[in-house]
Amino acid sequence: KWEKLQQGPVAILGAGISGNGASALLTKFGWDHEIYDEQGRAFTKEEARACSFVLCSPGFKQEHPWRLIAKNCGKEIVAETDFAASFTESKIISITGTNGKTTLATFLAHLWNVNGMPAIAAGNIGLPLSQVIADGLGKDTTVFLETSSFQADDLRYTKPETVIWTNFEDDHLDHHKTKQSYFNAKAKLLKIVDNGNVLIGKSVKDYADYIGYKIPMHAHIVERL
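So, here is what we can say about the structure in this document.

About the criteria used
- Residues numbered from 1 in each chain as written.
- Predicted model: local features only at pLDDT ≥ 70, side-chain atom pairs only at ≥ 80, totals over all residues.
- Heavy atoms only, no water.
- 1 Å grid on protein atoms, 1.4 Å probe; cavity = no way out; pocket = protein on both sides within 12 Å on 5 of 7 lines; lining within 4 Å.
- Points joined across faces, edges and corners; volume = space filled by probe spheres on them.
- Helix = DSSP H or I, 4+ residues; strand = E, 2+ residues; numbered from the N terminus.
- Nonpolar A, V, L, I, M, F, W, Y, C, P; charged D, E, K, R; others polar.
- Pairing = 2+ DSSP bridges.
- Axes fitted to C-alpha atoms, helices over the stretch in contact; angles between N-to-C directions.
- Contact = heavy atoms within 4.5 Å.
- Salt bridge = Lys/Arg side-chain N within 4 Å of Asp/Glu carboxyl O.
- Buried < 20%, exposed > 50% of the residue type's maximum accessible area, 1.4 Å probe, protein only.

## Overview of empty space enclosed by the protein
Line of reasoning, step 1. For the structure shown, the criterion picks out one cavity of 30 Å³ or more.
Line of reasoning, step 2. Considered as a void within the structure, the largest cavity measures approximately 50 Å³ in volume.
Line of reasoning, step 3. Where the lining of the largest cavity is concerned, the elements lending two or more residues are helix 5 (80-85) and helix 8 (149-152).
Line of reasoning, step 4. Each residue belonging to the lining of the largest cavity can be placed in one class, and the counts come to four nonpolar, three polar and two charged.

Put into structure tokens, the structure is as follows:
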């Protein structure tokens, strides 16, 4: 699929860390691409028609005008993490939660490394998965992928072996509008993990029960203690 989409230039929305990571990976592949940013070059209908698909940095709201332009032009919008995950055989452990994601991802990567198992923390922690792959990621290296609600909201192709959802509280309501929408964005991780391992904090289970969301039967609920 990616080879077919390679026929035209790739449009990258966002010139931040994720956008630059996506650019590094595309450069490694020799794919033509252009970065669009609200402080730089604007993404218009002309650019949308000319591109093969759109790579979107996290933080672009679903109703962002540039996303709507891409959709109206029939262009597929792919999350930076999704694109990158398609080009690695490394084991991915996705870590999300309202609080403590960075700490847990950093700790687990350290724990793996000191026990002789190569690992790296990436994602929302500041090192995009696309940049890690562009820099050279060994297939035996485990990726502890810190995944924010912004990133999870667009994921379709990433297939983590394990999802760890530590806790759930009010946050990012300026982006997601409601607490349930915020929950649903993170819950997309539970749909893409298939039959992999799922570890869930009790506060996540409690809110899921409150809104009538069915947690996967094979999920392991973890008490704080």
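## Observations concerning the sheet that holds strand 1 (residues 10-13)
Hydrogen bonds between backbone groups are what pair the strands of a sheet, and the pairing can be parallel or antiparallel.
Line of reasoning, step 1. Spatial ordering of the open sheet is given by 2-1-3-4, a layout of four strands whose pairing is parallel. Only two strands of the sheet have a single neighbouring strand rather than two, namely strand 2 (33-36) and strand 4 (77-79). Across this sheet, the average inter-strand angle for adjacent strands is 25°, counted without regard to direction.
Line of reasoning, step 2. One ladder, built from three bridges, connects strand 3 (residues 53-56) with strand 4; its direction is parallel. Counterpart to Cys56 in the pairing with strand 4 is Ala79.
Line of reasoning, step 3. Sitting on the sheet, helix 2 (residues 17-29) is in contact with strand 1, strand 2 and strand 3, with an inclination near 175° to strand 2.

## A closer look at the sheet that holds strand 9 (residues 197-201)
Line of reasoning, step 1. Reading across the sheet, the six strands line up as 6-7-5-8-9-10 and stay open at both edges, with parallel pairing between neighbours. The open sheet has two edge strands, strand 6 (119-123) and strand 10 (220-222), and neither has a second partner. Each strand of the sheet is rotated relative to its neighbour by a mean of 20°, with strand direction disregarded.
Line of reasoning, step 2. Here strand 8 (residues 162-165) pairs with strand 9 via four bridges, running parallel. Residue pairing for strand 9: Thr162 is matched across the bridge by Asn197.
Line of reasoning, step 3. Taken strand by strand, helix 6 (residues 101-114) contacts strand 5 (92-96), strand 6, strand 7 (142-146) and strand 8, and its axis lies near 170° from that of strand 7.
Line of reasoning, step 4. Against the sheet, helix 11 (residues 202-211) engages strand 8, strand 9 and strand 10, with an angle of about 85° to strand 9.

## As for the pattern of salt bridges
Close approach of charged atoms lets side chains of opposite charge pair.
Line of reasoning, step 1. The full count for this structure, using the stated rule, is nine salt bridges.
Line of reasoning, step 2. Of the charged contacts in the structure, one is a salt bridge between Glu34 and Arg41, with a shortest N-O distance of 3.2 Å.
Line of reasoning, step 3. A salt bridge links Lys91 to Glu161; its shortest N-O distance comes to 3.8 Å. In this pair, Lys91 is assigned in the loop between helix 5 and strand 5 and Glu161 in the loop between helix 8 and strand 8, connecting sequence segments 70 residues apart.
Line of reasoning, step 4. Among the residues examined, Lys91 registers a relative accessible area of 38% and is labelled partly exposed.

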